[in-house]
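# Analysis of the macromolecular model
So the chains spell out like this:
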Amino acid sequence: MGAVPEYHGPFGKQQAERLLWRAGFGARAGEADALTKLGMKHAVHALTRPAPYQLIGPDPHDERNRPLAPADAFGHDHLAWLDRMVRANAPMIERMTLVWHDWFATSNQGVASQQLMLNQIDMFRGNALGSFKDLLVNVTQDPAMLVWLNGNQNVKGKPNENYGREMMELFTLGANRGAYTETDVREQARALTGWRGSVVNRQSTGFTFDPNRHDTGTKTIFGQTGNYAWQDSCQLCLDHPMHASYFVSKLWSYFVPTAPDAATVKGLASLYAGYRVRPVVEAILTHPDFYNGPRMVKPPVVLNAGLLRMRGRYIDTSAWWSLSAQAGQQLFYPPDVGGWDDTRWLDTATFRARWFISAIVQGADTPADSPSDPVQLTTRAIGFWGNPTITPTTQSLLQGFAKAQLKRGARAADVETALRRLVASSPDMQTA
Amino acid sequence: MSCYDCSRADLFRRAVARAGRGLPEIEPGMPLPAGTGMTRREFVSRTAGLALAVYGGAALSGRAFDDGIAEAASVAAAQQKTLVTVFFNGGIDGLNVLFPAGDPRYYQLRPNLALPQTVGRPFTEDDRLRWHPAANGIATLHDEGKVSVMPAVGYDNSNQSHFTSRHYYEVGGTDASLRTGWLGRYLDHVGTSDNPLQGLTLDVAMHPSIATAKVPVATLAAADQYTFAPPGLPPHPLEASILQEAANIGAAHAKSSEPGLATAGQIAYDSHHLYYGLGGIRSGFSSPVQYPSSSDPFPHRLAGLAAMLAAGLPVRVVGLTVGHFDTHATQATTLQRDLQLASDSLLAFQRDLEARGIADRVITHVWSEFGRRGAENASGGTDHGSAGVGFLIGTKVKGQQLGSHPGVTSGLDPAGNLKPSADFRAIYAALLEQWFDVDSNAILPGVSAFARPALLK
C-alpha cells in the first residue's frame, strides 16, 4: 500500500491563493497571507475541518431590498446558494456541495420544483465531506433525483433503466472500463423498482417506496445473484472492485487538471476506507500535482462568489443568476446528468458574461483622489480587489496602459477604474 | 484498472484543440456588394475581417489570414460543398419517427406509445412504414426525392451510454480514445491553416465531431448580440480603450507556457477582436422563407447558416444540435414537440437554400447517438436502444433509403433493440468520398472493411 505523495515546496501567497480558489471561493483581502502562516497542512485542515457552519454578514436581498424567495422565484435558488458561497465561514463545505451537484447532476429543467432541488442540495451540504455511501444512498431515494432520472416510474415488470445506468456510469463505476454489462443495467433497474411520487404544479406529492411496485424476483448483478432491493443496488456498486479507483479519480479531477498517476490512484483508493470523502480530499489538496501543476479555469459561480468576497460585497442584486447562466453555469440547471464540463468554460460568448460579472461587481464607484502615477494607479487597482497575485506580464501592461492614457489626457480617476476592470477580467483572475 | 478514461469529461479534457476556441460572429445576410465597385475578395475580407483578427494569433499575419479566407471564399462561391450535421440529442426513438404500422408486433410492444395506422403519411418506399405526423416536414422533402432515409442506422454491439455512443458517432469509430472528430480529421486533411470558418459549430460549445488537431475552426453561439458595455452601469469614458487593452493583455498571455493563462488570454484576445471585427455590420439578416417561431435557437441558427452560405462564406462542415429526445418518460408529448420543431426547421432550411439558389451545394446529415428499445417502459417512455433513424437531406442526395427497416418481429436483437441495417461508418465514408471527393480511409480508421452505399443522384 503506497502512501500518496505530499507537496514539500514553499507554501506562500500563491499556493494559498490556489488552495482557496480550488477548495473554496477565493480569498478575501488578507486571507491568503494569513493562511500561509499556518503552513500547507494546517491550511488544508482549516478548510476541510472547519468550525461549526455559520453565515457571516448581511442577509441577501435583491436590488429593491426585498428578501430572496429561493423556493419560488426563478433564479433566486441560484442567488441563495451564491450567498452561501460568499458568506459561509466554511467555504469548502459549499465547494464540496457544488462538487456533488455536478457529480449527481440534477436539473430543475426536469424536476420542476425548486423546493425539491433545494432539499437535494441541503442533503449534499450535510454530507459534504462525509460518507460517499450516505450520499449515494440518499440521492438514490431523493425525490428530485427520482423525478430527474425516472426512478419514480421504475416499476416491476417494466423497469425504467435511466437511474440504474447512470448510477453505474456516472456516479460509481465509469463507462468503458469493463465494470458492468448491459445485463447489469437491466438487472439494476429491476432491483431499483418500487419508488413512486411526482411533482404536480411544482408541489411534490407521494414520494415513497411502494413494495407493490417492487420486483421481488431474483436478480443477477455483477455476477452475484440475490433478491436485491434498492439498498443492495447501491451497496453492490460501492463494493465493486472498480469503484474506489473511479471515485478517487473523478474526485481528483475537480481539483487538479492533470490525470493522477497510477500510484496516486492506488494511494488515494486506500484512503477511501469506509467511503470517507474527507481523507481523500485532504490527500488531493496536499498532493504535489495540486501545487506544481498547471492552472485551472475558475467555474463561473466560483469566479462570481470570489470577486464578491474580494470586494467584501454581499448579495444585493438579482443580476448574478442570469449572468452566470450566460457564463455557462446556472446553479440547479446543469446541462445534463453528466454535469458541467470543466474543460469548456471559456469561449468568446462566456468571456463576455465574465466581463459583465467583473464589471458589475466593481460597480460605478469612482475614487476622488487618484494619483497621476501609472505605477501607483496600478497598485491601487490591484488593491481594490484585495491584492491578488497578478503576473508581472499583466502588471507591466497595466502600467503601460495607465501611462499612455494619462499622456492622452485621460482623467486619473477614469484610468484607475479602467485598471480595476482590467485586473478583474485578466487571464490571471480567470484561472487559479 | 486505470481510470483515466472514466468519464466523457476526462476523454475530452485532453482532446479539445485550442484552435477551436474562437467564435467569429459573421454578418450573415450582407448582400453581395453589387454596384459598389468592391470585388468579392474585398467584400469577403471585410466581412470576415474579424476572423482574421480572431485567429491571427498563430503564426500567420493578418494579411495571410485575410488572403486565406478570401481565397477559400472565391472557391466557395462557385463550388464549395458544405455538409451540415444536425444532432438529435438524446437518442431519438426511430421506431416512432418512421413507425412499422404494418407490423402487429409493434402494437404489442407499445400498447400506449404505438401510433395508430391512420395517422401520418405512408413511407413511399416501404408500405409497412408510416411517418410520425410531426415529421411531416421531412416527409414532404422525402416525397420530393430530397431525403435518403436510414431506417436502422447504427453499429454492431451498440453501446447504450449516451456519452459513449455519441462519442463514437463524433469521432467516426468505435474507439473511445480517439480525440479528434471525424469532420475535424477531414478538415485536418483538406482544410487550411487560415480559414477558421471551414469548421463551424452553431451551438453554445464546439461539437467534438469538428474538433481538429491542426487547423482552426470556429464556434458561434448567439448570433444577434455581441456588445461589451456592462448592463446597468454608466458608460465608462475609456470603454473602447479598456476593451482594446484587455485584448492586449490577452495576447501577451496567449503564448504562455501555462495552459490556463494561454487559453484565457487567447479567449480575451478573440472576444475583443470579434467585437471590433463586427463593428457596424452586426445588423442581422433576412430570410426569404419563414422559419418556425420558437424560443429554441435551432431554427434561427439554421436561418443564419443559410444566410452565411448565401453570402459565400467558406464553410465546409457545420454542426448543430436540436431536441431533448432522451424520452424515458412521457415520450408522446416530448417527441411530438421536439420532432415537430426539428422537422419544420429542416424543411424551412431546405426551402431557404432553394430560394437562395444554393441548395445544390449543401447536404444535411441528421443523426442521433442511438435509437430506443422496441418495447415501451411503464413510464410512457422508452429506454436506450441500438439502431435508430437518420437522414441525408438535399437536392443532390439520391432519395432512396440506405438499408431497409428490419421490422420489430424479426428485426430485434435478444435485448429487444433494433438491429442495424446500415453502419454509420459506411455512411461517413461514402459522404467523404462521394460528396467531398477525398479518400476516407485516411480519415476514418478501419473503414475499408465497409461497403460504401451510393448516396448521390
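About the criteria used
- Residues numbered from 1 in each chain as written.
- Chains lettered and ligands numbered in written order.
- Predicted model: local features only at pLDDT ≥ 70, side-chain atom pairs only at ≥ 80, totals over all residues.
- Helix = DSSP H or I, 4+ residues; strand = E, 2+ residues; numbered from the N terminus.
- Buried ≥ 20, exposed ≤ 12 C-beta atoms within 10 Å, placed from the backbone.
- Contact = placed C-beta atoms within 7 Å.
- Axes fitted to C-alpha atoms, helices over the stretch in contact; angles between N-to-C directions.
- Parallel < 35°, antiparallel > 145°, perpendicular 65-115°, else oblique.
- Left-handed = near helix turned anticlockwise from the far one by under 90°.
- Nonpolar A, V, L, I, M, F, W, Y, C, P; charged D, E, K, R; others polar.
- pLDDT = per-residue confidence, 0-100.
- Pairing = 2+ DSSP bridges.
- Core = buried A, V, L, I, M, F, W, Y, C linked by C-beta atoms within 7 Å.
- Domains from an automatic or database assignment.
- Arc of directions from axis to C-beta.

### Describing the overall build of chain A
Counting secondary structure elements, chain A contains 23 helices and four strands. Considered along the principal axes of its C-alpha atoms, chain A spans approximately 80 × 55 × 40 Å. For chain A, with 432 residues in total, the buried portion stands at 55%. Once local pairs closer than 6 in sequence are excluded, the contacts in chain A between residues at least 24 apart make up 74%.

### Considerations on the packing of helix H20 (residues 374-384) of chain A against helix H22 (residues 412-425) of chain A
All names here are of chain A. At a closest axis distance of 8 Å, the pairing of H20 and H22 adopts a crossing angle of 50 degrees. By the criterion of interaxial angle, the relationship of H20 to H22 is oblique. Taken as a pair, H20 and H22 cross one another with a handedness that is right-handed. Along its contact with H20, which presents Leu-377, Thr-378, Arg-380, Ala-381, Ile-382 and Phe-384, the element H22 presents Ala-412, Val-415, Glu-416, Leu-419, Arg-420 and Val-423. The residue makeup of the contact of H20 with H22, split by class, is eight nonpolar, one polar and three charged.

### Overview of the environment of Ala-413 of chain A
On the secondary structure map, Ala-413 of chain A appears in helix H22. Those residues in contact with Ala-413 of chain A, other than ones at most four positions away along the chain, are Thr-366, Pro-367 and Ser-370 of chain A.

### Re the packing of helix H7 (residues 136-143) of chain B against helix H13 (residues 331-356) of chain B
All names here are of chain B. Their axes nearest at 6 Å, the elements H7 and H13 cross at an angle of 40 degrees. Here H13 runs oblique to H7, going by the angle between their axes. Between H7 and H13, the contacting residues are Asn-136, Gly-137, Ile-138, Thr-140 and Leu-141 on the first element and Ser-343, Asp-344, Leu-346, Leu-347 and Gln-350 on the second. Among the residues forming the contact of H7 with H13, the class breakdown is four nonpolar, five polar and one charged.

### A few points about the confidence of the model for chain B
All names here are of chain B. The predicted model of chain B averages 81 in pLDDT, with 79% of residues at 70 or higher. In the predicted structure, residues 1-67 sits below a pLDDT of 50 and forms 164 contacts with residues beyond four places in sequence or in another chain. A low-confidence stretch, residues 277-282 (pLDDT under 50), is modelled with 12 contacts involving residues beyond four sequence positions or located in other chains. Here the predicted complex carries an ipTM of 0.94, next to a pTM of 0.76.

### Re the sheet that holds strand S10 (residues 422-423) of chain B
The sheet built from eight strands is open, its strands ordered S6-S5-S7-S1-S8-S9-S4-S10 (chain B) with mixed pairing. Every other strand in the sheet has two partners, leaving strand S6 (218-219) and S10 of chain B as the edge strands with one partner each.

### A closer look at unusual backbone geometry
Residue and element names in this part refer to chain A. Its identity as a non-glycine residue notwithstanding, Asn-150 has a phi of 60 degrees, on the positive side. Its location among the elements puts Asn-150 in the loop between helix H9 (143-148) and helix H10 (162-172). Phi at Tyr-275 is positive, roughly 60 degrees, even though this residue is not glycine. With respect to the helices and strands, the residue Tyr-275 is situated in the loop between helix H14 (262-271) and helix H15 (278-285). Classification of Tyr-275 by C-beta neighbours within 10 Å gives partly exposed; the count is 17.

### Quick word on the nonpolar core
Within the largest apolar cluster, 147 residues are counted, with the highest numbers of intra-cluster contacts made by Leu-82, Val-248, Ile-284 and Leu-419 of chain A. Discounting chain neighbours no more than four positions away, the residues touching Val-248 of chain A are Val-265, Leu-268, Ala-269, Tyr-272 and Val-280 of chain A. Core analysis: the next-biggest nonpolar cluster, separate from the first, contains 103 residues, Tyr-186, Leu-305, Val-317 and Trp-367 of chain B among them.

### What about the domain arrangement of chain A?
All names here are of chain A. In terms of domains, chain A is made up of domain 1 (13-292) and domain 2 (300-430). Averaged C-alpha coordinates put domain 1 and domain 2 at centres separated by 30 Å. For the side of domain 1 that touches domain 2, the element with the highest residue contribution is helix H4 (residues 76-87), accounting for nine residues. When the residues that make up the side of domain 1 that touches domain 2 are grouped by side-chain class, the tally is 16 nonpolar, nine polar and 10 charged.

### Quick word on the interface of chain A and chain B
Chain A puts 61 residues into the contact, and the matching count from chain B is 64 residues. Listed by contribution, the elements that provide at least two residues to the side of chain A that touches chain B are H10, helix H13 (243-253), H14, helix H19 (348-362), helix H21 (392-407), H22 and helix H23 (427-430) of chain A. Broken down by element, the side of chain A that touches chain B gets its largest block of residues, eight residues, from H19 of chain A. Looking at side-chain class alone, the side of chain A that touches chain B contains 26 nonpolar, 21 polar and 14 charged residues.

### Examining the pairing of strand S9 (residues 388-393) of chain B
Residue and element names in this part refer to chain B. Of all six residues that make up S9, six are buried, and the element is covered over most of its length. Of the two faces of S9, both are covered, the one formed by Gly-388, Gly-390 and Leu-392 as well as the one formed by Val-389, Phe-391 and Ile-393. Two elements, strand S4 (residues 147-154) and S9, share five bridges in a ladder whose sense is antiparallel. Bridging from a neighbouring strand, Val-147 pairs with Ile-393 of S9. Sheet analysis places strand S8 (residues 362-367) next to S9, joined by three bridges and oriented antiparallel. For His-365, the partnering residue across the bridge sits in S9 and is Leu-392.

### Regarding helix H3 (residues 39-48) of chain A
Residues and elements named next belong to chain A. Taken residue by residue, H3 has Met-40, Ala-43, Val-44, Leu-47 and Thr-48 as its buried positions. What you see down the axis of H3 is that its buried residues fit within an arc of 130 degrees, all on one side. Facing away from the buried side of H3 by over 90 degrees, the exposed positions are Gly-39 and His-42. Summarising the contacts, the buried residues of H3 are in contact with helix H1 (13-23), helix H2 (31-36), helix H5 (91-103) and H15.

### As for the environment of Phe-384 of chain A
Residues and elements named next belong to chain A. Mapped onto the secondary structure, Phe-384 falls in helix H20. We classify Phe-384 as buried; it has 20 C-beta atoms within 10 Å. Along the chain, Phe-384 and Val-423 lie 39 residues apart, while their C-alpha atoms are 9.5 Å from each other.

### Focus on H20 of chain A
Residues and elements named next belong to chain A. Here H20 has its buried residues at Pro-374, Leu-377, Thr-378, Ala-381, Ile-382 and Phe-384. Buried residues in H20, looked at end-on, bunch into an arc of 150 degrees, giving them a common side. Contacts from the buried residues of H20 go to H21 and H22. Following H20 by one or two positions, Gly-386 has its phi on the positive side, about 85 degrees.

### Overview of the pairing of S4 of chain B
Residues and elements named next belong to chain B. Here S4 lies mainly inside the structure; eight of its eight residues are buried. Of the strand pairs in this sheet, S4 and S10 are connected by two bridges, and their pairing is parallel. Within S10, the position partnered with Gly-154 by the bridge is Asp-423.

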